[in-house]
Amino acid sequence: MSDLPRKAVTRTAKLAALPLGFAGRTALGLGKRIGGRPAELIATELQQRTAEQLFATLGQLKGGAMKLGQALSVFESALPEQIAGPYRAALTKLQEAAPPMPVKTVHAALAERLGEDWRDLFEEFDDRPAAAASIGQVHRAVWHDGRKVAVKVQYPGAGEALLSDLTQLGRFARLLGPLVPGMDIKPLISELKDRVSEELDYGLEARAQSAHAEEFAGDPDVVVPRVVHQSDQVLVTEWMEGLPLSEVIADGTQEQRDRAGQLLARFLFSGAARTGLLHADPHPGNFRLLTGDDPDGPAEKWRLGVLDFGTVDRLPQGLPPEIGTALRLTLDGEAEAVHELLRDEGFVKPEIELDPGAVLDYLLPIIEPAQVAEFTFTRGWMRAQATRIADPRSPAYQLARQLNLPPAYLLIHRVTMSTIGVLCQLGATVRLRDEMEAWVPGFAAAGGGPAAEGRETPA
């Protein structure tokens, strides 16, 4: 399929076929078990076929379907290893590419949004898309002043498709639950719907990207391309060469993985503190590693290139100081104080009674990376956390069901968990506590905390 399927009935039919496919494969699996085939082998086959159908459909439809796929992609580390492979391959395709718009559609869109003489703005314009995302695709070009630029063109009908997809996906969100153990998909879909208008507004994106580009200009660790031109549904920014983060995840050396992970953690925490904005779409397709003039040189000199500011959380004062304070109190073992702060902030509703010690026991494993000087993020650690929270027999599962996530913290929580998911994909050893002490208000102020040495986690 080469164009964005715009008719609601077409998109709905494709998405509606997904749960039917899931059910059919489950019935087939039951039949095979009765016939004597091993249950584990059958489960793996079902997962692989489900992955293939799900992500082929999401990538083909683009819009909200692909956006959900990208949001889920950073959590594949939580899947059991025997079924993670098929998902990993399918999800990686979503992070970097999607079927392109026809050339005539691109030209028509540019003529409508930049004027009939749009070609005069460029010395060169490559009709082949360099990248594709959920609501638009990017073309390489040369601006009329000689600068290499990226031209992001929004798909015609993207807004309608985005809302239609997410509404339809929300209707069978519970069937997607096994994709990410321990995660409720429905609130994620709801939150993505709430962000639709911002995602479609390239004026907002241009302002957010310009704020980051200005703040990080000349920064030794982070690079943000400057905005060159913006009009309705077209955004032109400086072109940025670099090694896609997905390639480091797939084939990077340990030194490269560690450097990429450290830079990613630094940007997560410093970006909000320095700009008052939280980049809220941290999947690997939005990051590049800039290797400078020596691509084969030491990774310690790499810088992190950041793309796509279509979704941001506006935090004028940076991350709420309550987050840092709660984390520090948890590390210091102050169960009563943690419980009181969580209740004050709405994480524990007034009618809910919880044991402060149990709350502490629930939180400590999750924030283990902040307890030590450096921490090795692994898929094994991520799976252990997901299993602990997803198992109905686990005390963590029972307690998690009683906690509440206030709306003000929803996007912060998703971005943090998504970033941790990418760090686990990298298998990076990161000095996370250093970044938190430098950039998270309240984390370093309430006491010294434990001074444990760095250590690795089970692979």
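Presented here is an overview of the structure given in this document. Only a predicted model underlies this, so the values are computations on that prediction, with no experimental measurement involved.

1. Thoughts on the overall build of the chain
Then, in step 1: On a plain count of helices and strands, the chain comes out with 18 helices and 13 strands.
Then, in step 2: Counting all 459 residues of the chain, 53% fall into the buried class.
Then, in step 3: Within the chain, contacts between residues at least 6 apart in sequence are counted, and of these 72% link residues at least 24 apart.

2. Things to note about the nonpolar core
Then, in step 1: Residues Leu 245, Phe 377 and Leu 426 are the most contacted members of the largest nonpolar core, which totals 52 residues.
Then, in step 2: In this structure, Leu 245 is in contact with Ala 260, Pro 284, Phe 287, Leu 289, Val 422 and Leu 426, ignoring residues within four places of it in sequence.
Then, in step 3: Among the nonpolar cores identified, the runner-up in size contains 30 residues, and Val 106, Trp 118, Val 153 and Leu 166 belong to it.

3. A word on the pairing of strand S6 (residues 234–238)
Then, in step 1: Within S6, four of the five residues are buried, leaving the element largely enclosed by the surrounding structure.
Then, in step 2: The pairing of strand S5 (residues 227–231) with S6 spans four bridges and is antiparallel. Looking across to S6, one finds that Val 227 is bridged to Thr 237.
Then, in step 3: Count of turn residues in the S5/S6 antiparallel hairpin: two residues, of which Gln 233 carries a positive phi of about 70°.

4. Digging into the packing of helix H14 (residues 356–366) against helix H15 (residues 379–390)
Then, in step 1: Two elements in contact, H14 and H15, have axes separated by 10 Å at closest approach and are oriented at 155°. Overall, the two elements H14 and H15 adopt an arrangement that is roughly antiparallel. Crossing of H14 against H15: the hand is left-handed. In this structure, H14 contributes Asp 361, Tyr 362, Pro 365 and Ile 366 to the contact, and H15 contributes Trp 381, Gln 385, Arg 388 and Ile 389.
Then, in step 2: In terms of residue class, the contact of H14 with H15 is built from five nonpolar, one polar and two charged.

5. Overview of unusual backbone geometry
Then, in step 1: Here Gln 233, not a glycine, exhibits a phi torsion of approximately 70°, which is positive.
Then, in step 2: Position of Gln 233 among the secondary structure elements: in the loop between S5 and S6.
Then, in step 3: Taking the relative accessible area as the measure of exposure, Gln 233 reaches 23% and is therefore partly exposed.
Then, in step 4: In this structure, Asp 308 is a non-glycine residue whose phi angle is positive, near 65°.

6. With respect to the sheet that holds S5
Then, in step 1: In spatial order, the strands read S1-S2-S3-S6-S5; together these five strands make up an open sheet with antiparallel pairing. If you trace the sheet from one side to the other, it starts and ends with strand S1 (122–132) and S5, each paired once. Between one strand axis and the next, the sheet turns by 20° as a mean value, whatever way the strands run.
Then, in step 2: The strands that helix H9 (residues 202–215) touches are strand S2 (136–143), strand S3 (148–154), S5 and S6; relative to S5, the one it contacts most, it runs at about 165°.

7. Some points on the environment of Ala 206
Then, in step 1: Mapped onto the elements of the fold, Ala 206 is located in helix H9.
Then, in step 2: With 25 residues separating them along the chain, Ala 206 and Ser 231 place their C-alpha atoms 9.5 Å apart.
Then, in step 3: With near-sequence residues (within four places) excluded, Ala 206 lies in contact with Val 227, Gln 230 and Leu 235.

Definitions and cut-offs
Position labels on residues start from 1 in each chain and follow its written sequence. Owing to the predicted nature of the model, reporting of local features is limited to residues with pLDDT of at least 70; listing and counting of side-chain atom pairs is limited to 80 or more, with chain, interface and lining totals taken over all residues. Where side-chain values are given, they derive from all heavy atoms of the structure, hydrogens and water being excluded. Numbered from the N terminus, helices here are DSSP runs of H or I no shorter than four residues, and strands are runs of E no shorter than two. Relative accessibility under 20% of the residue-type maximum defines a buried residue, over 50% an exposed one, and the middle range a partly exposed one, all with a 1.4 Å probe and only protein chains included. Should any heavy atoms of two residues lie within 4.5 Å, those residues are counted as being in contact. Residues grouped as a nonpolar core are buried Ala, Val, Leu, Ile, Met, Phe, Trp, Tyr and Cys residues, joined through side-chain atoms within 4.5 Å. At least two bridges found by DSSP between two strands are what make those strands a pair. Fitted lines through C-alpha atoms give the axes, limited to the stretch in contact for helices. The angle between two N-to-C directions lies from 0 to 180 degrees. Note on terminology: angles under 35 degrees are roughly parallel, angles over 145 are roughly antiparallel, angles of 65 to 115 are roughly perpendicular, and the others are oblique. Take the far helix as your reference; a near helix turned counterclockwise from it by less than a right angle gives a left-handed crossing, and one turned clockwise gives a right-handed crossing. Lys, Arg, Asp and Glu make up the charged group, whereas Ala, Val, Leu, Ile, Met, Phe, Trp, Tyr, Cys and Pro make up the nonpolar group; the residues left over, Gly among them, are polar.

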